[in-house]
Amino acid sequence: MDPFAEVPTVVMLANVLDPITRQHYERDPRWIARKAELYLANSGLADTAYFGAEAEFFIFDNVRFDQNEHCGFYFIDARKDAGTRP
């Protein structure tokens, strides 16, 4: 939970993995950035790399989830105009 937000807010960061092979998803931006850092360090081209965050966020009207030993689910709902609210 974000302790500085007026409204309860959750911030999530994730690496995208294939659920079966557990391999990195080749189009995951975080994985691409990590590979670029490794390439620069291993090739000797650079020892520092700077990557900027993409200015993108999502506003959800309702998020419900549950997980137990037999099943799990998630439900995310958002109005189309959610991003235009003040």
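Computed from a predicted model, the values in this text were never measured in an experiment. (Residues numbered from 1 in each chain as written. Predicted model: local features only at pLDDT ≥ 70, side-chain atom pairs only at ≥ 80, totals over all residues. Heavy atoms only, no water.)

Draft legend 1. Region of the structure containing the overall build of the chain. The helix and strand inventory of the chain stands at one helix and two strands. Taken from the N to the C terminus, the helices and strands of the chain come in the order α-β-β. Across the chain, every contact between residues at least 6 apart in sequence was considered, and the portion connecting residues at least 24 apart equals 6%. A total of about 8,400 Å² of accessible surface is found on the chain, and carbon and sulfur atoms cover 58% of it. (Helix = DSSP H or I, 4+ residues; strand = E, 2+ residues; numbered from the N terminus. Contact = heavy atoms within 4.5 Å. Areas by Shrake-Rupley, 256 points an atom, 1.4 Å probe, with all protein chains shown as cover.)

Draft legend 2. Fine view of unusual backbone geometry. Notably, Arg-22 is not glycine yet its phi reads approximately 65°, a positive angle. Note on Arg-22: relative accessible area 56%, which makes it exposed. (Buried < 20%, exposed > 50% of the residue type's maximum accessible area, 1.4 Å probe, protein only.)

Draft legend 3. Local environment of the side chain of Asp-28. Take Asp-28: it is sitting in the segment before α1 (29-43). Buried within the structure, Asp-28 lacks any salt-bridge partner; its nearest side chain of opposite charge belongs to Arg-30, at an N-O separation of 5.5 Å. Setting aside its immediate chain neighbours within four residues, Asp-28 contacts Asn-15 and Val-16. (Lys, Arg positive; Asp, Glu negative; His and termini not counted. Salt bridge = Lys/Arg side-chain N within 4 Å of Asp/Glu carboxyl O.)

Draft legend 4. Representation of α1. With 15 residues, α1 ought to run about 21 Å at 1.5 Å a step, and its terminal C-alpha atoms sit 21 Å apart, in line with that. The first or second residue beyond α1 is Gly-44, which carries a positive phi of 80°. (Expected span 1.5 Å × (residues − 1).)

Draft legend 5. Structural detail: a nonpolar patch on the surface. Nonpolar side chains collect at one region of the surface, where Phe-58, Phe-60, Val-63, Phe-65, Tyr-74 and Ile-76 lie side by side and expose about 740 Å² of accessible area between them. Mapped onto the nonpolar patch, the elements with two or more residues apiece are β1 (62-67) and β2 (72-77). Mapping Tyr-74 onto the fold places it in strand β2. (Patch = residues over 30% accessible without salt bridge, like charges linked within 9 Å, V, L, I, M, F, W, Y side chains within 5 Å.)

Draft legend 6. Geometry of the pattern of salt bridges. The tally for this structure, following the rule as stated, stands at one salt bridge. As a salt-bridge pair, Glu-26 and Lys-35 come within 2.8 Å of each other at their nearest N and O atoms. The exposure class assigned to Glu-26 is partly exposed, which follows from its relative accessible area of 47%. A relative accessible area of 32% places Lys-35 in the partly exposed class.

Draft legend 7. Molecular detail of the environment of Glu-26. On the secondary structure map, Glu-26 appears in the segment before α1. Those residues in contact with Glu-26 that lie beyond four places of it in its chain are Trp-31, Ile-32 and Lys-35. A polar contact of 2.8 Å, which involves the side chain of Glu-26, links it to the side chain of Lys-35. (Polar contact = N/O pair within 3.5 Å; in protein donor to acceptor, adjacent residues only side chain to side chain.)

Draft legend 8. Inspection of the pairing of β1 at higher detail. The sheet contact formed by β1 and β2 spans six bridges and is antiparallel. Each residue of the ladder has a partner; that of Phe-65, found in β2, is Tyr-74. Counted along the chain from β1 to the antiparallel partner β2, the turn is four residues long. (Pairing = 2+ DSSP bridges.)

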